[in-house]
Amino acid sequence: MTSARTFVGDPAAIRVEGLTKHYGRRTAVDDLSFTVGAGRVTGFFGPNGAGKTTALKAVVGLARPTAGRALVGGTPVMSLRPDARRLGVYIEPCGAHPGRTGRAHLRSLAALAGLPRRRVGEVLEIVGLAAAAQRRVGTYSMGMRQRLGLAAALLGDPEILVLDEPVNGLDPQGIRWLRTLLRDRAANGGTVLLSSHMLGEAARTVDDVIMIDRGRLVHEGAIRDLERSGGSVVVVRTADAERLSRLVAAAGGRSTHDDDGGLVIEGLDGAEVARLAHRDGVLLEEIGHRTASLEDVFFGLTGGADR
Ligand SMILES: Nc1ncnc2c1ncn2[C@@H]1O[C@H](COP(=O)(O)OP(=O)(O)OP(=O)(O)O)[C@@H](O)[C@H]1O
């Protein structure tokens, strides 16, 4: 990017107001309002099916909301003239024909957007696809297709980037590369809104967090504040995790399973959990405390279950 970006009349790069989207009788997004600060990387988090993609499509003007609206740089997105220099979007599918080369795909997008051809070479370099540019997209790996989609979003060197699950399909090296790319853009005044259903990885990239669940906002704020509000959780091991989960819920706590087979409990302290287990004859093989991770906070706010 060439210069710091500011928006006349609106300090928010993106403003979403009362956004609602129904698909038939299903409500995908429900009265959702949030803002995305200019010059910041904002993570848009929620479990599978929470409504992230639907909301992002409405934000960039790819889906018409049932109610509410999205403003980009202070202008309602539905009345915004397409401008690849203002808004770059990556939402799957990227639309590249499998029989075309990556370069040909980007060249046609550049021509459509009125961008110079040389920009294609530049973005291919940026995303690390220069060596594969002459290969057909059908032969690309998932990570390469992801990079191609990002290249398309970057073509106009846009003020605002909106990326749906950009980390999916990238290997650890690719994830590190993307983090650096996005942080560099924000350091130069660019704005990034990216969705993910995995908070842990994205937390290292973002400044601000918007969390949704069942189409509704459950949290909006700086990642630093979320880390501070973490507190501690109880972690137990038991062969009877399902029964203990029910007891915990009945006592007003919340529980989720972690990746190591432990049951992570919030809202009750260790003594309370031990008492509950003892009362109902649930054998605890192990019980301990740890500081709540961002995932714990995330699961606590959203209930954690995919739907
Ligand atoms: N075109 C559509 N027609 C009908 N229902 C849809 C459509 N698109 C999404 N939905 C439904 O809306 C809800 C939200 O879906 P959405 O894809 O926006 O969630 P998401 O948070 O992006 O999930 P994921 O992380 O799994 O991609 C889901 O219940 C989904 O089944």
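Residues numbered from 1 in each chain as written. Predicted model: local features only at pLDDT ≥ 70, side-chain atom pairs only at ≥ 80, totals over all residues.

Per an unreviewed UniProt entry, the protein is named ATP-binding cassette domain-containing protein, and its organism is Streptomyces flavofungini. Entered under Sequence similarities (unreviewed entry) in the UniProt record, the comment concerning the protein runs "Belongs to the ABC transporter superfamily." (UniProt positions renumbered as here; feature names shortened; annotations may be inferred.)

Enquirer: How would you sum up the nonpolar core? Please name residues and give values.
Expert: In summary, soluble globular proteins display a tendency toward joint burial of nonpolar side chains. Counting residues in hydrophobic clusters, the biggest one holds 81 residues, and the most contacted among them are Val59, Ala151 and Val162. Among the elements that make up this core, the one with the highest residue count is helix H4 (residues 142-154) (seven residues). There are two domains that each give this core at least three residues, and those are domain 1 (12-222) and domain 2 (232-291). (Core = buried A, V, L, I, M, F, W, Y, C linked by C-beta atoms within 7 Å. Buried ≥ 20, exposed ≤ 12 C-beta atoms within 10 Å, placed from the backbone. Helix = DSSP H or I, 4+ residues; strand = E, 2+ residues; numbered from the N terminus. Domains from an automatic or database assignment.)

Enquirer: Any details on helix H5 (residues 172-187)? Residues and values, ideally.
Expert: Spanning 16 residues, H5 covers 23 Å between terminal C-alpha atoms, matching the ideal 22 Å at 1.5 Å per step. Among the residues of H5, Leu178, Leu182, Arg185 and Ala186 are the ones counted as buried. Burial along H5 is one-sided: seen end-on, the buried residues are contained in an arc of 100 degrees. Turned more than 90 degrees from where H5 packs its buried face, Pro172, Gln173, Thr180, Asp184 and Ala187 sit exposed. The inward-facing, buried residues of H5 abut strand S3 (41-45), strand S7 (160-163) and strand S8 (191-196). Just past H5, the residue Gly189 takes up positive phi, approximately 95 degrees. (Expected span 1.5 Å × (residues − 1). Arc of directions from axis to C-beta. Contact = placed C-beta atoms within 7 Å.)

Enquirer: Just give me the short version of the pairing of S3, but keep the residues and values in it.
Expert: Most of S3 is tucked away, with five of its five residues classed as buried. Burial along S3 is two-sided: the face carrying Val41, Gly43 and Phe45 and the face carrying Thr42 and Phe44 are both buried. Here five bridges tie S3 to S8, and the two strands are oriented parallel to one another. Within S8, the position partnered with Val41 by the bridge is Val192. Where S3 and strand S9 (residues 208-213) come together, four bridges link them in parallel fashion. Along S9, the bridge assignment pairs Thr42 with Asp208. (Pairing = 2+ DSSP bridges.)

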